Amino acid sequence: MIKMQKQGPNRARISGGVAEALHHDSAVKHVTGGALYVDDIATPPGTLEVYIAMSARAHARVIRLNVDAVRAAPGVICVLTAADIPGGNDISPTPTEDDPLLADGLVQYVGQALFAVVAVTVQQARAAAKLARVDYEELPAIITVNQALAARSYLEAPYVMQRGDVEAAIAAAPRRLSGRMEIGGQEHFYLEGQAALAVPGEDDDMGIYCSSQHPSEIQHTVAHVLGVARHAVTVEVRRMGGGFGGKESQGNLPAAVAALAARIARRPVKCVYDRDDDFLLTGKRHDFRVDYNVGFDDHGMILGLDVMHAVRCGMSFDLSQPIADRAMLHADNCYYLPAARITSYRLKTHTQSNTAFRGFGGPQGMVAMERIIDEVAATLALDPLEVRRRNFYAHRDRPDEARAVTPFHMRVEDCIIDDIVAELSETAEYQRRRADIRAWNSSSAIIKRGIALTPVRFGISFTKTFLNQAGALIHIYSDGSIHLNHGGTEMGQGLNTKIAQVVAEAFQVDYARVKITATTTGKVPNTSATAASSGADLNGMAARNAAETIKGRLASFVAEREGVSANDVQFWPGCVAVGGRVFTFDEVIKDAHMARVSLSATGFYATPKVQWDREAARGRPFYYFAYGAAVSEVAIDTLTGENRILRTDILHDVGRSLNPAIDKGQIEGGFVQGAGWLTMEELVWDEKGRLLTHAPSTYKIPACSDRPGILNLALYDRGVNSEDTIYRSKAVGEPPLMLGISVFAALADAVASVADYQLLPQLDVPATPERILMAVMRIQTG
Amino acid sequence: MRDNISFLLNGRVEHVADVCPTTTLLQWLRRVKRLTGTKEGCAEGDCGACTVVVGRVKGEAIAFEAINACIAFLPMFDGTTVTTVEGVAQADGKLHPCQQSLVDNHASQCGFCTPGFTMSLYALYRNEATAPAVSAIEEALAGNLCRCTGYGPIVQAAQSMFGGRPQAADAERRQVEVDYLAAAKHGETLCITGEDRRMLVPRSEDELAALYLSRPDATIVAGATDVGLWVTKQDRLLNTSIYIGRVEELARVTRSQTDLGVVIRMGAGVTHSDAARALSGRPAALHELWRRFAGEQVRNIGTVGGNIANGSPIGDLSPALIALGAQVLLRRGDERRTVTLENFFIGYGKQDLRAGEFLTGIEIMLPADSADFSCHKVSKRMLDDISAVCGAFNIHIQESRVAQVRIGFGGMAAVPKRAFAVEAALLGQPWTRATVDAALVAFEDDFSPISDARASASYRMQVAKNLLVRTFVERTRTATPTQVTDCAASMSE
């Protein structure tokens, strides 16, 4: 028992440890304009700017590209074409080699990078680019999902996941239904567009400051394009003005163009996308067509499900394979499927190469499953919530081997969706309000209301198992201040705040002592993207491991000096206790430094338990699952299709929260982003493959008044991760997006009221006012 | 003529000469002043990341309003005060209540939109004594997009920032600004030249008429909420432009009683915000339409005249003005003439304007009974969106019959258009559902809309018809909810 001394801890707890609702570490800088983004960095004198000129055709051979007039234009320093690339002309994020940096004779979408103009200002570069002469020989273009399906335009062979005899199960089922759903894509609309600044150094060195979720991949891409070793390229990311998956691979192009320009011009070069160009150049959430055939019984129990995903990938792979895979891995959502087959077609089209977007395919898989449940319920005239509950996976405390296995042969061991749904339906008064709404609708001729409760189960881990690793680096300086670096990137999700809390907690020092620094490939190498909701899980563990390494050294040092065992050394708030004596943290650090103890350490973490045999479509791709549920009530106008979210109640499981304020922010923001995808965000291409909605004037993300009129949001207070994650927390980045499905289901419920709930109208995503009105008219006319 | 401009930036006087006159305020702030807190999110006035607060003399009053710096040209700020996000906190670094409230409510995540929200809240704080209703906050923030938070924490910040006033620092700052604006009321004409481009800023309507007659190729700039995009998005050069924002005659709203009713005359340079204020909520439907017109930042600088003169097929305000029988007042040199608004629009991008001729204003007749007039804007998003369809109905019923009718539509043709055939089907008929149903077919005579990214032709046609139905239901069955905004969530208890 250690005796407290006079100079001992005078408080029970550090300030800013784990579970405190600290505000975002940059909050004050956000509101004062002091937070620097790439375009805000003070550039060295002589820094140039580059504009990427784009293809005007969806699919064409470039017969002639004459940039003489561009070169001669005012302010232009040089013009870059594919021929100027010293290394590889490829910026693919995976080893598919199908994303050229600059088109070389063939263009495959309207907006593809064709050449780049380097000038004193980007305005000059853009004006000059218009002077190029480009002659195309047009080739047949495939734009839509249906065109690609008809042409069997596949990036790779169809991929199938199967468990059980699906045909037999469906054939034997007392009831069957089949349907189709079209699911639109989504533009990320991070407020800060893609941006990169390249600063050439000595030898082959290139420094890159960019807005990327994946600094290591930027490093690899730039090295590949410049034809240099990766050690020559250092990439730094302080923060992004939003990412949402859109800066996982899409940052490769601006960084590589800026680096190429910097190498050739021998000056720093900045590449910042204009908003419209960002829309045209970058990939989006994949649009899907989902066809389904389901067999079920009179109680709504699903017996067999056969689902086809047709996935519009665009002109190249990018991350489409893991995205389409994840859609399949979430085609079941929370529901046990006794027999299931999911077939996925990865379609090549002559459009932007679709990419990661919060949920990474999961939302598309899930929204179709929820739609299927709603159709089953409508067919049986049952409350959809009842059908949902009956089909849930077995609860973790009530193991039922028979109802715990997914279509990819993984046992679900942590299912708590029953508890969440039970609690939420009570607090949100789902049953009473559903009855009230039905009564109200019968007397309201024009405005109809709808309500729905939908659950979320989202798998946490990269499905490419090797990506589940992270590193961190901690220095403690001799004054006791702590410098923290880790491989994750800050895109607004509060990752740096959480990791600093973890480190403060580990050392038992105040959060203010921990300095969060920009992510850089020079400090933590070979990192994975900050993606798959994994940022805090992976980097938090790595940072804690680094802290534990240093703590171990400090404990040994103090123990030796005081003549006790290292096990007797304890880290108390702001101090270190040993053998009845207490030293301040600063004292210990100072003494350790004088005694030549290393105060710097790396930390590393690799997620345990995960393994995935993609070929067999079997294994445990996910370490654990995150759960949540939402009830939304909406109103629709049956004359115009206009609609509002009147109220939403959310109960979401984040395990033991590292920071409840940040977690709630992720949930609320994710929900609204998901609702936007499902309601108003509509991407429109014309038949020539030109994206017509390429600006906020035509592409509408939710505005302030589109949030629910009433929002009741709670963290599931019994939440604790079954697995040994960082302080038993759960990932929170992506799962809440899918809470937005409750809005879509409620809209369908409102439309169904028009025909007295006798049938569920066809409704595709996004449910725009136009789609809602057309659905209303279809069921009015029977 | 003066060839340089000056204004107060964050409390310090700035003098600017030799600047390209189509340099946007945002470009100048970021590139020349290195004030990088103000962000470019879209460069077209739709996202609000570039919001700054501008103080201007308006007649006898002084207004401090949020505007978008990304599409406003620098010379437009001569004689104004400009506050950016860097100028909001006190000199000692103490956060302003609007900033502190954003921090306390966890209202920023990635932070890129936050400077814009900060400035919109700052403007709200300066213009309101206590926390306004949530709907007013939503209106004030409709022009600011956030992709991270879902907005709830930002609205909470707006509601809670009003505690603990008044602030001495605010009063001091306001005095500095008011003093500057009072002193800056010099009346010289400006000619700003740079990079072979020229912007003229006349100070009277006569001067404007003479300038434009001698330079009919010049581009007239009012709020630049459309012309700004010609520069930022289309790389157009605007070799010569004339900014009309300092012509006082064009900024007036007058009201006169005639035998036929109240006539409102609005100068072409009156901003949407000022026009809405001048009409003080009457007729209510027009006010509601203004509430949904763009975002606050655009309403604060965009003008009624500009919205008409640019000849957009949607022209969000034009359908309402057509229904109100608006007359367009035109001037060329010393010649003046008047054209009925629906006749002013000749075809897509073509208006009844001769070389050197410009709008001086419009006149509308207020409906004798406010209830005669209704507007219905239908768009993908409720606030800050462009109409898919906008219908305006001015229908006077006498002895159960349609005695007078004027109907205007936007989004249904290449121009904002009057629905003559529908009007004919209604006029003189009994005001019944049967009459309305019979009139619906007349929409096919009046309109053949197109499909575009906002809506399909068939949706537009159906909605246009349904808006007449809605109008009828609203006027005959007033207890029936007819709009989703009428509807509240089913309550607990």
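Residues numbered from 1 in each chain as written. Chains lettered and ligands numbered in written order. Predicted model: local features only at pLDDT ≥ 70, side-chain atom pairs only at ≥ 80, totals over all residues. Heavy atoms only, no water.

### Topic: the domain arrangement of chain B
As a measure of interface size, the accessible area lost when the parts come together is often cited.
Residue and element names in this part refer to chain B.
In step 1: Each assigned domain of chain B is listed here: domain 1 (4–87 + 172–243), domain 2 (97–165), domain 3 (255–365) and domain 4 (374–488).
In step 2: At the junction of the two partners, domain 3 supplies 24 residues and domain 4 supplies 28 residues.
In step 3: Roughly 2100 Å² is buried in total at the junction of domain 3 and domain 4, and carbon and sulfur atoms are behind 61% of that figure.
In step 4: When the area that domain 3 buries against domain 4 is broken down by residue, the three leading residues are Arg292, Ile314 and Ala323, summing to 32%. (Domains from an automatic or database assignment. Contact = heavy atoms within 4.5 Å. Buried area = accessible area lost by both parts, 1.4 Å probe.)

### Section: the domain arrangement of chain A
Residue and element names in this part refer to chain A.
In step 1: Per the domain assignment, the segments making up chain A are domain 1 (27–35 + 469–606) and domain 2 (409–462 + 623–782).
In step 2: One C-alpha centre belongs to domain 1, the other to domain 2; they are set 39 Å apart.
In step 3: Counting every contact that joins domain 1 to domain 2 gives one salt bridge.
In step 4: Note that Lys498 and Asp663 form a salt bridge whose closest N and O atoms lie 2.7 Å from each other.
In step 5: Linking domain 1 with domain 2 are five residue pairs in polar contact (both at pLDDT 80 or more).
In step 6: Listing elements by their share of the side of domain 1 that touches domain 2, those giving two or more residues are helix H14 (495–507) and helix H15 (535–562).
In step 7: Looking at side-chain class alone, the side of domain 1 that touches domain 2 contains nine nonpolar, nine polar and four charged residues. (Salt bridge = Lys/Arg side-chain N within 4 Å of Asp/Glu carboxyl O. Polar contact = N/O pair within 3.5 Å; in protein donor to acceptor, adjacent residues only side chain to side chain. Helix = DSSP H or I, 4+ residues; strand = E, 2+ residues; numbered from the N terminus. Nonpolar A, V, L, I, M, F, W, Y, C, P; charged D, E, K, R; others polar.)

### As for the confidence of the model for chain A
In step 1: With 98% of its residues at a pLDDT of at least 70, chain A reaches an overall mean of 96.
In step 2: In the model, residues 1–8 of chain A has pLDDT below 50 throughout and makes twelve contacts with residues more than four positions away in sequence or in other chains. (pLDDT = per-residue confidence, 0-100.)

### Description of the sheet that holds strand S27 (residues 624–637) of chain A
Residue and element names in this part refer to chain A.
In step 1: As summarised here, the arrangement of the four strands in space is S16-S27-S28-S29, forming an open sheet in which the pairing is mixed. Both edges of this open sheet fall to strand S16 (447–460) and strand S29 (710–715), since each of them pairs with a single strand only. Ignoring which end each strand starts from, the neighbouring axes of this sheet average 15 degrees apart. (Pairing = 2+ DSSP bridges. Axes fitted to C-alpha atoms, helices over the stretch in contact; angles between N-to-C directions.)

### Brief notes about the sheet that holds strand S17 (residues 469–476) of chain A
Backbone-to-backbone hydrogen bonds join strands into a sheet, with any given pair of strands oriented parallel or antiparallel.
All names here are of chain A.
In step 1: Taken in spatial order, the four strands of this open sheet run S19-S18-S17-S24, and their pairing is mixed. The sheet is open, and its two borders are formed by strand S19 (514–516) and strand S24 (600–606), each paired with just one other strand. The mean angle between the axes of side-by-side strands here comes to 25 degrees, regardless of whether they run parallel or antiparallel.
In step 2: Two strands pair when backbone bridges link them, and strand S18 (residues 482–486) and S19 are joined in this way by three bridges, in the parallel orientation. Across the sheet, Ile482 pairs through a bridge with Val514, a residue of S19.
In step 3: The strands touched by H14 within the sheet are S17, S18 and S19, with S18 carrying the most contacts at an inclination of about 130 degrees.

### Describing the interface of chain A and chain B
In step 1: With 93 residues of chain A at the interface, the matching set in chain B holds 84 residues.
In step 2: Interface of chain A and chain B: buried area, both sides summed, is about 6900 Å²; carbon and sulfur atoms make up 56% of it.
In step 3: At the boundary of chain A with chain B, the tally comes to 14 salt bridges.
In step 4: Between B:Glu138 and A:Arg707 there is a salt bridge whose closest N-O contact spans 2.7 Å.
In step 5: At the surface where chain A touches chain B, the tally comes to 38 residue pairs in polar contact (both at pLDDT 80 or more).
In step 6: The residue inventory of the side of chain A that touches chain B, partitioned by class, reads 42 nonpolar, 25 polar and 26 charged.

### Some thoughts on helix H3 (residues 122–129) of chain A
In step 1: Of all the positions in H3(A), only A:Ala125, A:Arg126, A:Ala128 and A:Ala129 are classed as buried. For H3(A), the angular spread of the buried residues around the axis is 165 degrees, confining them to a single face.
In step 2: The inward-facing, buried residues of H3(A) abut strand S1 (48–54), helix H2 (68–71), strand S3 (76–80) and strand S5 (113–119) of chain A together with helix H8 (227–232) of chain B. (Buried < 20%, exposed > 50% of the residue type's maximum accessible area, 1.4 Å probe, protein only. Arc of directions from axis to C-beta.)

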